[in-house]
Amino acid sequence: MQPKMLTSHSLLKALMETGCQCGQGKCRGRANGHPQQNGEGDPVTLFEVVKLGKSAMQSVVDDWIESYKQDRDIALLDLINFFIQCSGCRGTVRIEMFRNMQNAEIIRKMTEEFDEDSGDYPLTMPGPQWKKFRSNFCEFIGVLIRQCQYSIIYDEYMMDTVISLLTGLSDSQVRAFRHTSTLAAMKLMTALVNVALNLSIHQDNTQRQYEAERNKMIGKRANERLELLLQKRKELQENQDEIENMMNSIFKGIFVHRYRDAIAEIRAVCIEEIGVWMKMYSDAFLNDSYLKYVGWTLHDRQGEVRLKCLKALQSLYTNRELFPKLELFTNRFKDRIVSMTLDKEYDVAVEAIRLVTLILHGSEEALSNEDCENVYHLVYSAHRPVAVAAGEFLHKKLFSRHDPQAEEALAKRRGRNSPNGNLIRMLVLFFLESELHEHAAYLVDSLWESSQELLKDWECMTELLLEEPVQGEEAMSDRQESALIELMVCTIRQAAEAHPPVGRGTGKRVLTAKERKTQIDDRNKLTEHFIIALPMLLSKYSADAEKVANLLQIPQYFDLEIYSTGRMEKHLDALLKQIKFVVEKHVESDVLEACSKTYSILCSEEYTIQNRVDIAHSQLIDEFVDRFNHSVEDLLQEGEEADDDDIYNVLSTLKRLTSFHNAHDLTKWDLFSNCYRLLRTGIEHGAMPEQIVVQALQCSHYSILWQLVKITEGSPSKKTFRNQINVILFCTYLTYAFMLLCDLLMIFSHQLMTGGREGLQPLVFNPDSGLQSELLSFVMDHVFIDQDDENQSMEGDEEDEANKIEALHKRRNLLAAFSKLIIYDIVDMHAAADIFKHYMKYYNDYGDIIKETLSKTRQIDKIQCAKTLILSLQQLFNELVQEQGPNLDRTSAHVSGIKELARRFALTFGLDQIKTREAVATLHKDGIEFAFKYQNQKGQDYPPPNLAFLEVLIIVFHSYLEKFLTEQMMERREDVWLPLISYRNSLVTGGEDDRMSVNSGSSSSKASSVRNKKGRPPLHKKRVEGLYGLYYESLEGSWLNRNENIHTPGTLQAPQLTSTVLRENTRQMGDFHSLTVFYPSEPDEQELRGLMEDDAEPIFEDVMMSSRGQLEDMNEEFEDTMVIDLPPSRNRRERAELRPDFFDSAAIIEDDSVRLY
């Protein structure tokens, strides 16, 4: 039978736009279900029209409706094939199949038409065309129902056929069918909800009209109108009942199964749409019977699904009128929502915080103080979107004003009595109570978008600091003043730089024109204010080092041109005077460095104030240099009789000069000479205080660097620089000197000549072997030290814990400094052997540094790196022989430690056999030579003393080993010869079975027996001959052993469950994705009786198992395609015991979707 054509003018025009060139009505859509083609070979189907999306969707739907009115079977056949093709199926439903076969049979037939070579289908295909297809697909379904809502959907044929088809497809084991049909059904449901809403509105209007007409006086009442209104109301009620039946069919037949589907995308579609229904038609859907699905899915393992849940809830909580209906849900699931603010998926955490903010906005009583505190600390998160969302919550909770009259009264006041005065005090208290004083910049950045007006009120802040409190007002404490200054400086930095602090964000982004203008305006505003206020603040707090150090950071954010353009030179003089006073008063390094940096900024040549600042700076340096020279002479003359005053005078002036030498070139004052004298005296006589030595070293270091900067041409005297470097060499017993020396060796290495600077060749300084040995010895003595005794003595003291962390940080810096010398080929690579051998023992403290050093050295020279690795193993072996003697206990922990280290070294070679062949061969050549290097003093019948080292080796050339073997050795079978026999056999067979046979079969593989018990076939390894055989088997075996012995927490594989009617077809459909409905976190139904009081039995037809032990047992017993169908006779109590109670806080903590900061 030939179908009617979609022949309307609009559709023909649309098809011509999409490529149909056949002209006047010569195209045909389908004949008996086959797509007909025009002369150019272009098929014309609903799928292609929707996919291209070049025509208006309403015209496409209108043409289909016209076709339906002419022949509804053919039109429905087109619609059925549309859904089939949208699923990516190549098959076509014929008219005979449509009329004579059941849906299950049709679906089974279409399943056979799938392309098994590709798992992609239109909804998952990449590219902009397919992304647009999804929106066109959803739009088509919505328009179809909208255009059919007045007649066709009530004919008890079209909708029944479509819903029946989608229900069957959604129950398929084929993912493409299930995903596409679920999306279609959910969009169909959304359209029906809209129709039901319109019907409800019409019913209400009709009822009002009827009541108004009936309440009229009998003489004025129109009986005919009453009858018409009654008839209309009855018709609307009938339509409403039909729509409700359709929605119930979709909801119970599709939603309740697919919202817990194994595929996250399908679950996300369901949750997204139920949120739309509850928002669109809240009277019908916003109740506990539907909200419970969203609440349960908050525990979903996939972040995508949890995200959809939160966004669906946000759309509901945005409307404050809906809060009464959400009250029970809020009480039940509030704890889970609050815990999701720590979600491991940052996008989910952000939306959870926003949802909590909406809950707070609707009802402050809904959240307890503990709930709020869980969100407060997130303002310090390193992830900026999370922190900003938490900042909005904090602003809403603490800084929002709720009293309009009080706000209007305070708005007329300024300064400390302004509306922001109390809010700033509150911010300071919050910062102090959080006890994260090093994170003020993070707090400011978190609040910047929501509380900018408050954070930019610098006038109020300075008045709080400068003015005395009025009578009856509580004065700020010293801690509060320090916190306010720190926060104020952070707000200044944020306004001037207009980007987040270090550690937040991927980098500086390009500002928009509006942001750039705001930045300039803020910078001008803060400059004009603090040019006047800063000298006064420094004057008041000049005695407090912490406050002064923070305040002196402000000038770096100034627009210094304002000093000249605004005729504010007098304020500059006041600032310079206060800085000089601070320098003379303080010797703390933070304060002095801040003063030095401020002078450096003010001395910039691009500003006209440079001369004025430079004069003040030079005068200050002249004064301190003169004081330093006199104090040094006095100290040296006094010698061992120098008192504390002499030492303090030298130390205080040297600290000041060293701090300024860091940012300023002071070489013309020749500070190096006196520093050299101090160091030489300390070296020769040993009576120089360590603090003076450290400062003299630092000052000498800066002097060397500034002289290097000044060199622009010629060949300077190499001897001068070498003598200056030797000054630091003499002091290597100091940790600080070691760091400076490593830096200088880096600077004056062979890389100094790169970039066309060959003229600096005389300055290159290469450390000799003696210096390298001293550096290595220093690292061994100060880095690789046991801390057990120290840990026991410091246990339980927080301050001592901080000291231990600081000491570890310093040791890590020492190791990193020396490792850089190895990586940049300044120190010979073999020196790294002494570091690599500590990889396992000190893995927790230095594992990352050693691993990175090993990786870099391999990139530089694979052969030399291999030699270094075997050298480190040899050193450990020699140490063990010296400790235990020649007869080693191969089962001891020390031997096992060396083997484990060798295994770790082997794993670092990677899997590229070609690239690592020569390096691995070199490693084993050196290992064999070491094993046979010495003969046993008792004779040839006894094994070499280092023979046990062969157990450490992993791969080797068999032929190379034969050179060292004698006939007597090959015939030996005693236990002392076991390493040689095992090693040789492993090279011959390439496996570990021979090593087992040497042990006389005393032990069998426990892992194999365990696997056999579980019904899994043992792993059969392919023998690999030659160089890489044992290496790669050991590599694989080591990972297998690691997985068996070490428990690594992670997401467990879900058991696969099904409730489909196609279970009998699993044998035929084994090549497709198994339909699973695992939902890991369904709450206990007895706990949710209030939310499920209308359900006699739970809607879940299968038991949802989430116990880790049960999951592991099931995963090991069943194959991946196994379908688990538990008997329906289990009662409610038995089913509840299989699931955790997710309203229990312990269950929430165990949820692996939660990330702890």
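What you are looking at is a predicted structure, and each value in this text was computed from that prediction instead of being measured.

Right, let's get into the overall build of the protein chain. A tally of helices and strands in the protein chain yields 52 helices and two strands. A total of 1157 residues make up the protein chain; the buried ones form 48% of that total. Within the protein chain, contacts between residues at least 6 apart in sequence are counted, and of these 74% link residues at least 24 apart. Carbon and sulfur atoms make up 47% of the accessible area of the protein chain, which totals about 57400 Å².

A rise of 1.5 Å per residue sets the reference length of helix α36 (residues 769-782), with its 14 residues, at 20 Å; its end C-alpha atoms lie 20 Å apart and thus fit the reference within 8%. Buried within α36 are the following residues: Leu-771, Gln-772, Leu-775, Leu-776, Phe-778, Val-779 and Met-780.

Let us now look at the UniProt feature "coiled-coil region" (unreviewed entry) in the protein chain. Mapped onto this structure's residue numbering, the UniProt feature "coiled-coil region" (unreviewed entry) falls at residues 219-249. Within the segment residues 219-249, helix and strand shares are 87% and 0% respectively, and the terminal C-alpha atoms sit 48 Å apart.

Aromatic ring pairs are described here by two measures, namely the spacing of the ring centres and the angle between the planes. Applying the stated criterion across every chain, the model contains 33 aromatic pairs. Summarising the aromatic geometry, the rings of Phe-82 and Phe-140 are spaced 4.8 Å apart at their centres and angled 55 degrees between planes, so their arrangement reads as tilted. With Phe-82 in helix α4 (residues 72-86) and Phe-140 in helix α7 (residues 128-148), this residue pair connects regions lying 58 residues apart in the sequence. Like Phe-82, the residue Phe-140 is buried in the burial classification. Ring centres of Tyr-317 and Phe-323 lie 5.4 Å apart, and the angle between their planes is 75 degrees; on these two criteria the pair is classed as edge-to-face.

This next bit is on the confidence of the model for the protein chain. Here the protein chain shows a mean pLDDT of 77. Residues at 70 or above account for 73%. Contacts from residues 1-43, a stretch scored under 50 in pLDDT, to residues over four places away or in other chains number 77 contacts. Low pLDDT, under 50, characterises residues 990-1157; the stretch is placed with 292 contacts to residues that sit more than four places away or in other chains.

On to a negative patch on the surface, then. A surface patch of like charges, here negative, comprises Asp-634, Glu-638, Glu-640, Glu-641, Asp-643, Asp-644 and Asp-645. Within the residue set of the negative patch, elements represented by two or more residues are α30 (610-638) and α31 (644-663). With respect to the helices and strands, Asp-644 occurs in helix α31. Overall, Asp-644 belongs to the exposed group, its relative accessible area being 63%.

A separate point is the packing of helix α16 (residues 346-362) against helix α18 (residues 384-399). Close contact between α16 and α18 brings their axes to 8 Å; oriented N to C, the two are set at 10 degrees. It follows from the interaxial angle that α16 and α18 lie roughly parallel. In this structure, α16 contributes Tyr-346, Ala-349, Val-350, Ile-353, Arg-354, Val-356, Thr-357, Leu-360 and His-361 to the contact, and α18 contributes Pro-385, Val-386, Ala-389, Ala-390, Glu-392, Phe-393, Lys-396 and Lys-397. For the contact of α16 with α18, the residue count by class is 11 nonpolar, two polar and four charged.

Now for helix α15 (residues 323-339). With 17 residues, α15 extends only 21 Å from end C-alpha to end C-alpha; this falls clearly short of the ideal 24 Å at 1.5 Å per step. Along α15, the sharpest kink reaches roughly 60 degrees, centred on Phe-333.

Side-chain pairing between opposite charges can occur once the charged atoms of the two side chains come close. Per the stated rule, a full pass over the model turns up 32 salt bridges. Note that Arg-267 is salt-bridged to Asp-300, the shortest N-O span being 2.6 Å. Highlighted residues: Arg-267 in helix α11 (residues 264-280) and Asp-300 in the loop between α13 (288-297) and α14 (303-317), separated in sequence by 33 residues. The class for Arg-267 is buried, based on a relative accessible area of 5%. By relative accessible area, Asp-300 is classed as buried at 0%. The shortest N-O distance in the salt bridge between Asp-478 and Lys-547 comes to 2.6 Å. Placement of Asp-478 in helix α24 (residues 478-497) and of Lys-547 in helix α26 (residues 545-551) is noted, with a sequence separation of 69 residues between them. Take Lys-547: its relative accessible area is 1%, and that puts it in the buried class. Shared partners join several salt bridges into a network, and the residues in it are Asp-171, Arg-178, Arg-258 and Asp-261.

Moving on, we get to unusual backbone geometry. Residue Glu-156 is not a glycine yet carries a positive backbone phi of 60 degrees. For Glu-156, the location among the structural elements is in the loop between α7 and α8 (158-170). Unusually for a residue other than glycine, Ala-498 sits at a positive phi of about 60 degrees. Here Ala-498 is to be found in the loop between α24 and α25 (513-540).

What follows concerns the packing of α14 against α15. Running from amino to carboxyl end, α14 crosses α15 at an angle of 145 degrees, the nearest separation of the two axes being 12 Å. Between α14 and α15 lies a crossing whose hand is left-handed. The residues of α15 that touch α14, namely those facing Arg-306, Leu-313, Leu-316 and Tyr-317, are Phe-323, Leu-326, Phe-329, Thr-330, Arg-336 and Ile-337. Each residue belonging to the contact of α14 with α15 can be placed in one class, and the counts come to seven nonpolar, one polar and two charged.

A few words now on the environment of Asn-420. Within the fold, Asn-420 resides in helix α20 (residues 419-434). For the pair Asn-420 and Leu-455, spaced 35 residues apart in the sequence, the C-alpha separation amounts to 9.1 Å.

Along the chain, the position of Ala-866 falls in helix α41 (residues 862-884). C-alpha of Ala-866 to C-alpha of Phe-905: the two residues are 39 residues apart in sequence and 9.3 Å apart in space.

What follows covers the environment of His-571. Counting through the fold element by element, His-571 comes out in helix α28 (residues 569-585). The buried category is assigned to His-571, whose relative accessible area is 19%. For the pair His-571 and Ile-531, spaced 40 residues apart in the sequence, the C-alpha separation amounts to 6.4 Å. Non-local contacts of His-571, meaning those with residues more than four positions away in its chain, are made with Ile-531, Ile-532, Pro-535 and Tyr-563.

What counts and how
Residues numbered from 1 in each chain as written. Predicted model: local features only at pLDDT ≥ 70, side-chain atom pairs only at ≥ 80, totals over all residues. Heavy atoms only, no water. Helix = DSSP H or I, 4+ residues; strand = E, 2+ residues; numbered from the N terminus. Buried < 20%, exposed > 50% of the residue type's maximum accessible area, 1.4 Å probe, protein only. Contact = heavy atoms within 4.5 Å. Areas by Shrake-Rupley, 256 points an atom, 1.4 Å probe, with all protein chains shown as cover. Expected span 1.5 Å × (residues − 1). UniProt positions renumbered as here; feature names shortened; annotations may be inferred. Phe/Tyr/Trp six-rings, centres within 6.5 Å; stacked < 30°, edge-to-face > 60°. pLDDT = per-residue confidence, 0-100. Patch = residues over 30% accessible without salt bridge, like charges linked within 9 Å, V, L, I, M, F, W, Y side chains within 5 Å. Salt bridge = Lys/Arg side-chain N within 4 Å of Asp/Glu carboxyl O. Lys, Arg positive; Asp, Glu negative; His and termini not counted. Charge placed at Lys NZ, Arg CZ, Asp CG, Glu CD. Axes fitted to C-alpha atoms, helices over the stretch in contact; angles between N-to-C directions. Parallel < 35°, antiparallel > 145°, perpendicular 65-115°, else oblique. Nonpolar A, V, L, I, M, F, W, Y, C, P; charged D, E, K, R; others polar. Bend = angle between axes of the 7 residues up to and from the residue. Left-handed = near helix turned anticlockwise from the far one by under 90°.

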